[in-house]
Structures are given as C-alpha cells and as structure tokens.
Amino acid sequence: MTNVFIINGGHPFAHSPGEFNATLLEKTSSYLSSKDCYAVQTSSVGEKYDVLEEVEKFKWADIIVYHTPIWWFQLPFGFKEYIDRVITAGHQRGIYDSDGRSSKNPAINYGTGGRLQGKKYIVTTSWNAPKEAFELEGEFFRQQSVDDSILFGFHRMNAFIGLERLASMHFHDVEKNADIPQELERYALFLEKMFS
C-alpha cells in the first residue's frame, strides 16, 4: 500500500475562488481511491487544520501531491503560512531534526537534516501567465522554466526536509483562456503515468 497525501494550496482571495486547485485535489483523490494499492489523505489550506495532525500526514505519506496556484510569482499566502507552520512544527518531530550542519564544520552539509528521505513529491501549479511567457525569447520569464525560476525555493524546501521530486505539471493561462475540460484530460493522463 502506498500512502499519498494531497494538499490543496489554493484558497479564496480577491477574484480567485480557488476552484481549479480544489478540482485537482478531488480528481487526484478520486483516482487514487479507486485503486486498491493507494491510501489517501487530503488537506486544504483554506480550511481549518491542526498543525500537529498535518505533521503526522507528512510523516505518514510515501508521496505528497501539492496543488497550488501561483499568485504574484509566489505561493499563495495561506499556503506559505501552512508550510511555515507545519514544517516548523515538524522540527524534531519527524520532518527534520536540524539544518544538517555540525558545530565542528558549520560550512558544509546545510540542508541535510531532513527526516523524510525516501519519500517523494509531485507539484502542480496553475497560472494566469501563458506557457509562451516562459518559453519564447524576449518574453517575461526570460526562457526560464517554472521549476528553475519561480519554484526554485519550493523545491529546495522539499529537499531540505528530505523529499525527492517525482514530477511537476503546470497549467497555464487558466484565468483568461483555459479549456478546463482539456486541462483535466491532460491531468488524467498525467495521473495515469504517475500512478498506474
């Protein structure tokens, strides 16, 4: 049995009701729950949660699936707060012990104190920005990928606690020009590839 913890990092704010990432959480949970080899737990950062229970979910999981919109080129503030609170509460409670360094040589081994080694994560992001803003010369993101630019810190945070990235999937132009049924079909294929 593989334990999968799914987190919806979206939440309502301003003109964003958070529906797309809630849908992704539901699709992921339904898909995995329909298979005998997966146990599933979920959390939504826009709902009330107990920090220590969330720590236990991180420790329980073999795979963590993060779904998040990107607001102003960063994680939503509710998701960032969730990460800050839960990971900090996981200090010496099974998520990480320290930053990995020793007082004998404090210049090396930073970021090696995580306790979640052997576990993996998947992240999806949703954007107003079109895919071409990342790919075309002269466009806004200067031909840097989502993972190497905006999500760099997010990926390093996961590495710090010992997680290894399994995959990323990005949904572009969701706010203005999305074909949601087509995007969900694309996501269904992604799920099949990751979890078949």
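Draft legend 1. Highlighting the sheet that holds strand β4 (residues 120-126). Judged by pairing direction, the sheet is parallel, and its five strands sit side by side in the order β2-β1-β3-β4-β5 without closing on themselves. Edge positions in the sheet fall to β2 (38-44) and β5 (164-171), since each of these pairs with one other strand and no more. The mean inter-strand angle of the sheet, taken between neighbouring strand axes irrespective of direction, is 15°. Sheet strands touched by helix α7 (residues 180-195): β1 (2-8), β2, β3 (63-69), β4 and β5. Its angle to β5, the strand with the most contacts, is close to 165°.

Draft legend 2. Here's a closer look at the side chain of Asn8. Tracing the sequence through the fold places Asn8 in strand β1. Separated by 2.8 Å, the side chain of Asn8 and the backbone nitrogen of Gly10 make a polar contact. Not counting the four nearest positions on each side in its chain, Asn8 is found in contact with Asn21, Ala22, Leu25, Ser43, Ser44, Val45 and His67.

Draft legend 3. Fine view of the packing of helix α2 (residues 51-60) against helix α3 (residues 77-89). Two numbers describe how α2 lies on α3: the axes approach to 9 Å, and their chain directions differ by 75°. Comparing their axes, α3 and α2 come out roughly perpendicular. On α3, the residues that touch Val51, Leu52, Glu54, Val55 and Phe58 of α2 are Tyr82, Arg85, Val86, Ile87 and Ala89. For the contact of α2 with α3, the per-class residue count stands at eight nonpolar, no polar and two charged.

Draft legend 4. Quick peek at the packing of aromatic side chains. Applying the stated criterion to the full structure yields 24 aromatic pairs. Their ring planes at 70° and their centres at 5.8 Å tell us that Phe73 and Phe141 sit as a pair that is edge-to-face. Note that Phe73 is positioned in the loop between β3 and α3 and Phe141 in the loop between α4 (132-135) and α5 (152-160), a separation of 68 residues in sequence. Judged by relative accessible area, Phe141 falls into the buried class, the value being 9%. A network of ring pairs unites the aromatic residues Tyr49, Tyr66, Phe79, Tyr82, Tyr121 and Phe154 as a single cluster.

Draft legend 5. Highlighting the pairing of β4. By the criterion of burial, β4 is predominantly enclosed, with six of the seven residues buried. The sheet contact formed by β3 and β4 spans seven bridges and is parallel. Bridge assignment links Pro69 to a residue of β4, and that residue is Ser126. Handedness of the crossover joining β3 and β4 through α3 is recorded here as right-handed.

Draft legend 6. Region of the structure containing α2. Residues Val51, Glu54, Val55, Lys57 and Phe58 constitute the buried set of α2. What you see down the axis of α2 is that its buried residues fit within an arc of 160°, all on one side. Where the residues of α2 are buried, they touch β1, β2, β3 and α3. Two or three places before Leu52, at the start of α2, stands the capping residue Asp50, its side-chain oxygen 3.0 Å from that residue's backbone nitrogen.

Draft legend 7. Structural detail: the environment of Val65. Take Val65: it is sitting in strand β3. Among all residues touching Val65, those that are not within four sequence positions of it are Val4, Phe5, Ile6, Ile7, Thr28, Ile122, Tyr187 and Phe195.

Draft legend 8. Looking closely at unusual backbone geometry. Non-glycine residue Ala14 carries a positive phi angle of around 50°. Looking at the element boundaries, Ala14 is found in the loop between β1 and α1 (19-33). Judged by its relative accessible area of 69%, Ala14 is exposed. Non-glycine residue Asp173 carries a positive phi angle of around 55°. Structurally, Asp173 can be placed in the loop between β5 and α6 (174-177).

Cut-offs applied
- Residues numbered from 1 in each chain as written.
- Predicted model: local features only at pLDDT ≥ 70, side-chain atom pairs only at ≥ 80, totals over all residues.
- Heavy atoms only, no water.
- Pairing = 2+ DSSP bridges.
- Helix = DSSP H or I, 4+ residues; strand = E, 2+ residues; numbered from the N terminus.
- Axes fitted to C-alpha atoms, helices over the stretch in contact; angles between N-to-C directions.
- Contact = heavy atoms within 4.5 Å.
- Polar contact = N/O pair within 3.5 Å; in protein donor to acceptor, adjacent residues only side chain to side chain.
- Parallel < 35°, antiparallel > 145°, perpendicular 65-115°, else oblique.
- Nonpolar A, V, L, I, M, F, W, Y, C, P; charged D, E, K, R; others polar.
- Phe/Tyr/Trp six-rings, centres within 6.5 Å; stacked < 30°, edge-to-face > 60°.
- Buried < 20%, exposed > 50% of the residue type's maximum accessible area, 1.4 Å probe, protein only.
- Right-handed = clockwise from strand over helix to strand, strands pointing away.
- Arc of directions from axis to C-beta.

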